[in-house]
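Descriptive structure summary
Next come the chains, spelled out residue by residue.
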Amino acid sequence: MTRLEVVPATRALLAEYYGEPPSKSQRAWVGMLDGKPVGVAGFLFHGQYITLFSDLKPAIRPHKKEIWRASAFIMEQAKRYKTPVLAVADPDEPTAPRFLSRLGFTFVGTCSDGDVYQWQA
């Protein structure tokens, strides 16, 4: 199995991954396999609050340990923010609520996109 490398996101890497440059202010990291971006995760900034996000392509899914290590690293970065961090569990991802709980998030409600979780340093 090829080794997954996690690197800080650049506009160019995000544009390669999504097909266009990001439209929102963010701080993110990109999972790379064989020189190609296969996952993105990080923080979106919405003024008064921050949202944790992730987007993974199928090629990254077998790298469970690396995904967990990268997630733990990102949560360490969250400690620098003085505001709660929100996350919406993807309703199409059955393990999302358990994964968010393992990262320290707690369920706070539901919105049109799914269940909302909050993390506070």
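Now for a look at the structure at hand.

Calculation notes
- Residues numbered from 1 in each chain as written.
- Predicted model: local features only at pLDDT ≥ 70, side-chain atom pairs only at ≥ 80, totals over all residues.
- Heavy atoms only, no water.
- Pairing = 2+ DSSP bridges.
- Helix = DSSP H or I, 4+ residues; strand = E, 2+ residues; numbered from the N terminus.
- Expected span 1.5 Å × (residues − 1).
- Buried < 20%, exposed > 50% of the residue type's maximum accessible area, 1.4 Å probe, protein only.
- Arc of directions from axis to C-beta.
- Salt bridge = Lys/Arg side-chain N within 4 Å of Asp/Glu carboxyl O.
- Axes fitted to C-alpha atoms, helices over the stretch in contact; angles between N-to-C directions.
- Contact = heavy atoms within 4.5 Å.
- Phe/Tyr/Trp six-rings, centres within 6.5 Å; stacked < 30°, edge-to-face > 60°.
- Lys NZ or Arg CZ within 6 Å of the ring centre and 35° of its normal.

Considering the pairing of strand S7 (residues 114–119)
Note that strand S5 (residues 85–88) and S7 share four bridges and pair antiparallel. Its bridge partner being in S7, Leu 86 is matched across the sheet by Gln 118. Bridge count for strand S6 (residues 106–111) against S7 is five bridges, and the pairing is antiparallel. Across the sheet, Thr 106 pairs through a bridge with Gln 118, a residue of S7.

Quick look at helix H2 (residues 64–78)
Over its 15 residues, H2 runs 21 Å from end to end, which matches the ideal 21 Å to within 8%, given 1.5 Å per residue. Regarding H2, the residues found buried are Ile 67, Ala 70, Ser 71, Ile 74, Met 75, Gln 77 and Ala 78. All buried residues of H2 project into a common sector of 150° when viewed along the axis, lining one side. Relative to its buried face, H2 has exposed residues pointing more than 90 degrees away, namely Lys 65 and Arg 69.

A look at the pattern of salt bridges
One side chain can pair with another of opposite charge once the charged atoms of both are near each other. Scanning all chains against the criterion turns up two salt bridges. Glu 93 is the salt-bridge partner of Arg 61, the closest N and O atoms lying 3.3 Å from each other. Note that Arg 61 is positioned in the loop between strand S4 (50–56) and H2 and Glu 93 in the loop between S5 and helix H3 (96–102), a separation of 32 residues in sequence. Glu 76 is the partner of Lys 79 in a salt bridge, and the nearest nitrogen-oxygen pair spans 2.8 Å. Among the residues examined, Lys 79 registers a relative accessible area of 44% and is labelled partly exposed. Residue Glu 76 is classed as partly exposed on the basis of its relative accessible area of 46%.

Section: the sheet that holds S7
Taken in spatial order, the seven strands make up an open sheet running S1-S2-S3-S4-S5-S7-S6, and their pairing is mixed. Both edges of this open sheet fall to strand S1 (5–8) and S6, since each of them pairs with a single strand only. Across the sheet, the mean angle from the axis of one strand to that of its neighbour is 25°, orientation sign disregarded. Against the sheet, helix H1 (residues 11–18) makes contact with S1, strand S2 (26–33), strand S3 (36–45) and S4, and its axis sits at roughly 115° relative to S3, the strand it touches most. The strands touched by H2 are S1, S2, S3, S4, S5 and S7; relative to S3, the strand with the most contacts, the crossing angle is about 25°.

Let's talk about the packing of aromatic side chains
Evaluation of the coordinates by the stated rule reveals seven aromatic pairs. Summarising the aromatic geometry, the rings of Tyr 17 and Tyr 18 are spaced 4.9 Å apart at their centres and angled 85° between planes, so their arrangement reads as edge-to-face. Of the residues examined, Tyr 17 reaches a relative accessible area of 7% and is grouped as buried. Relative to Phe 99, the ring of Trp 68 has its centre 5.3 Å away and its plane inclined at 90°; by these criteria the two rings are edge-to-face. Residue Trp 68 is found in helix H2, and its partner Phe 99 is found in helix H3; the two are separated by 31 residues along the sequence. The class for Trp 68 is partly exposed, based on a relative accessible area of 27%. Three or more aromatic residues link up through ring pairs in this structure, and these residues are Trp 29, Phe 43, Phe 45, Phe 73 and Tyr 81. Directly above the ring of Tyr 17 sits Lys 57, whose terminal nitrogen or CZ lies 4.4 Å from the centroid.

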